[in-house]
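Spelled out from the first residue to the last, the chains are:
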Amino acid sequence: MADDATVLTFLNVGHPTGLKFTLEHRGRRALFELGLEHSPGAMPFSLGLRPRPHRELADLLAVGMAPRDTGVLGEWDGVTEVFLSHLHLDHTSLVRFVPPEVPVHYPAAMEELRRDCVASGHLRWRDPPGNPVPEGGLVRLGGMEVRFVPVDHDLPGACGFLVATPDLRLAYTGDHRWHGRHPELTAAFARAAQGVDVLVLEAVGLGRVGEDGGDSRPEVHELDEFQVEAEFERVLSRTKGLVLVNLYPMNRERVAALAAVCAAHGRRFLMEQEAAAMAGWSGCWDEEALAQARRHPSRFCLQLGFASLPCLIDLEPAPGSVYVHSNGIPLGDFDPAFAVVRAWAEAFGLEFTVVGTSGHSRPADLVRMVETVRPRLVIPVHSRRPWALRVPVPVLVPEAHRPYAAPELLA
Ligand SMILES: [Zn+2]
């Protein structure tokens, strides 16, 4: 390949998570995303097994959960700079192992959430934190330009990227959707990306339809965020007992929506301390609050994460109480912990109901993205079923660690 050509390499194709890729041009290198794959029960360190203290990076490298060729883990190669699209752990978990001199660029709009998640103890980060880039901001690496463009996802401050080099124009969506509270952001990203050569498309949503084989099952109807709020309203209207909810605290808009519905129904919405700090919510429960909730279940809605499930023993939920699963961890039945949650709900006679929606585009919206952008080539990543993308432009399902030079991508 010509020395001048831009080269795209996936270090982890992210099937289903843990996506990482690099773009190299004339000795400068941009690394996109630096998280850990989230596959409970399928990765060496999962289900309670953790890297050992003081040798965490070595352990993660040894089992392949951290790639060896990032150029920024443990020591810096002097040429690679890190670009992060949003704060989710499958995009950021390894940042804590990046040496302080490495440039780490991330959306300024996620800074408040990042700071609060670090302060809460949920997230560990590198010191200094890095370079917050404003919406629409541009970072130059030699002849490469990386522009930060906001998209809608299920947490504050998510972005995609538009990258231009002398021989390649590439758009990377980052995690995104069209059915959240800000579809106009995703639509604006798609318009801004129009006519790029290559679209790297986050395609988690392809994994949910017809997962057991075949592409012909009808699309599963999924709520939008406004319908999630309306569904909270319905659950609270019909529930006489205690309401317990498991949601993802980084989804601050979801937390605020639920809190507002609780207030309208005369219920105090209280969260675990760490979760509240992540969510930017001021109401926390403690033992005294749990005792009150036991006495007056109809006046409370409590956020209860997986590790706090044993609190049900003290809460003694009254008949007519409900457990609302709202995209908290465990995320779904691919996680062995999901059956454990169901077992706790059953043991305490709780109605188990799911009220939530994905942070990722539905299959039809992935097609909409491709048809709006009209790239010469689309590369679906971050999906259990990338090959299921059906669009009227050429599709490349990439191999990890194989360099793709611009002339090959555009051939
Ligand atoms: Zn995400």
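This one's a predicted model, so the numbers in the text were calculated from it and none came from an experiment. (Residues numbered from 1 in each chain as written. Predicted model: local features only at pLDDT ≥ 70, side-chain atom pairs only at ≥ 80, totals over all residues.)

**Notes on the overall build of the protein chain**
Working step 1: Summing up its helical and strand segments, the protein chain has 12 helices and 18 strands in all.
Working step 2: Here the protein chain has a C-alpha radius of gyration of 22 Å; the compact-globule value for 411 residues is 22 Å, and the two agree.
Working step 3: Taking the principal axes of its C-alpha atoms as reference, the protein chain extends roughly 75 × 50 × 35 Å.
Working step 4: The 411 residues of the protein chain split such that 47% are buried. (Helix = DSSP H or I, 4+ residues; strand = E, 2+ residues; numbered from the N terminus. Rg over C-alpha atoms; globule rule 2.2 N^0.38 Å. Buried ≥ 20, exposed ≤ 12 C-beta atoms within 10 Å, placed from the backbone.)

**A few points about the domain arrangement of the protein chain**
Working step 1: For the protein chain, the domain assignment lists domain 1 (7-211 + 359-410) and domain 2 (225-354).
Working step 2: Computed over C-alpha atoms only, the centres of domain 1 and domain 2 are separated by 31 Å.
Working step 3: Listed per partner, the contact involves 16 residues of domain 1 and 13 residues of domain 2.
Working step 4: Of the residues that constitute the side of domain 1 that touches domain 2, the class distribution is 8 nonpolar, 5 polar and 3 charged. (Domains from an automatic or database assignment. Contact = placed C-beta atoms within 7 Å. Nonpolar A, V, L, I, M, F, W, Y, C, P; charged D, E, K, R; others polar.)

**Looking at the environment of glycine 35**
Working step 1: Looking at where glycine 35 falls in the secondary structure, it is placed in the loop between strand E3 (28-32) and helix H1 (56-62).
Working step 2: Taking the number of C-beta atoms within 10 Å as the measure of exposure, glycine 35 has 23 and is therefore buried.
Working step 3: In sequence terms glycine 35 and leucine 89 are 54 residues apart; their C-alpha atoms lie 5.7 Å from each other.
Working step 4: Sequence-distant contacts of glycine 35, that is, excluding residues within four places in its chain, are made with Gly18, His88, Leu89, Asp90, His91, Thr92, Ser93 and Leu94.

**Let's talk about the sheet that holds strand E16 (residues 351-354)**
Working step 1: Reading across the sheet, the 5 strands line up as E13-E14-E12-E15-E16 and stay open at both edges, with parallel pairing between neighbours. Each having just a single partner strand, strand E13 (268-270) and E16 make up the two edges of the open sheet. Shown here is a sheet whose adjacent strand axes are inclined to one another by a mean of 20°, direction ignored.
Working step 2: Sheet topology note: the E13/strand E14 (residues 300-303) ladder contains 3 bridges and is parallel. Bridging across to E14, leucine 270 finds its partner in leucine 302.
Working step 3: Packing of helix H6 (residues 252-264) onto the sheet brings it into contact with strand E12 (243-247), E13, E14 and strand E15 (322-326), and relative to E12 it is tilted by some 170°. (Pairing = 2+ DSSP bridges. Axes fitted to C-alpha atoms, helices over the stretch in contact; angles between N-to-C directions.)

**A word on helix H11 (residues 363-373)**
Working step 1: When H11 is considered as a whole, its buried residues turn out to be Pro363, Leu366, Met369, Val370 and Val373. What you see down the axis of H11 is that its buried residues fit within an arc of 110°, all on one side. Of the residues in H11, the exposed ones pointing more than 90 degrees away from the buried face are Ala364 and Glu371.
Working step 2: The secondary structure elements touched by the buried residues of H11 are strand E10 (168-172), helix H4 (183-192), strand E11 (198-202) and strand E17 (377-381).
Working step 3: One or two steps after H11, the chain reaches arginine 374, where phi turns positive at roughly 50°. (Arc of directions from axis to C-beta.)

**What about unusual backbone geometry?**
Working step 1: The residue after histidine 15, namely proline 16, is reached through a cis peptide bond having omega 15°.
Working step 2: Looking at the element boundaries, proline 16 is found in the loop between strand E1 (7-12) and strand E2 (20-25).
Working step 3: Cis peptide bonds are those with omega within 30 degrees of zero, and the linkage from isoleucine 329 to proline 330 qualifies with 5°.
Working step 4: A positive phi angle is found at glutamate 33, which is not glycine, with a value near 75°.
Working step 5: Note that glutamate 33 resides in the loop between E3 and H1.
Working step 6: Notably, glutamate 316 is not glycine yet its phi reads approximately 40°, a positive angle.
Working step 7: Looking at the element boundaries, glutamate 316 is found in the loop between helix H9 (311-315) and E15.

**Some thoughts on the sheet that holds E11**
Working step 1: Read across the open sheet, the 6 strands follow the order E7-E8-E9-E10-E11-E17; overall the sheet is mixed. This sheet does not close on itself; its edge strands, each paired only once, are strand E7 (138-141) and E17. Averaged over all pairs of adjacent strands, the angle between strand axes in this sheet comes to 15°, irrespective of strand direction.
Working step 2: The sheet contact formed by strand E8 (residues 144-150) and strand E9 (residues 159-165) spans 6 bridges and is antiparallel.

**Let's talk about the confidence of the model for the protein chain**
Working step 1: Within the protein chain, residue pLDDT values average 94, and 96% of them lie at 70 or more.
Working step 2: Within the model, pLDDT remains below 50 along residues 209-220, and this stretch shows 13 contacts once partners closer than five positions in the same chain are excluded. (pLDDT = per-residue confidence, 0-100.)

**Regarding the environment of threonine 239**
Working step 1: Positionally, threonine 239 belongs in the loop between helix H5 (225-238) and E12.
Working step 2: Accessibility expressed as a C-beta count within 10 Å gives 20 for threonine 239, which makes it buried.
Working step 3: Along the primary structure threonine 239 and valine 322 are separated by 83 residues, whereas in three dimensions their C-alpha atoms are 7.2 Å apart.
Working step 4: When residues no more than four places from it in sequence are discounted, the contact partners of threonine 239 are Gly320 and Val322.

**Some thoughts on the pairing of E8**
Working step 1: With 5 of its 7 residues buried, E8 lies for the most part within the structure.
Working step 2: Relative to E8, E7 runs antiparallel, the two being bridged by 4 bridges. Looking across to E8, one finds that leucine 141 is bridged to methionine 144.

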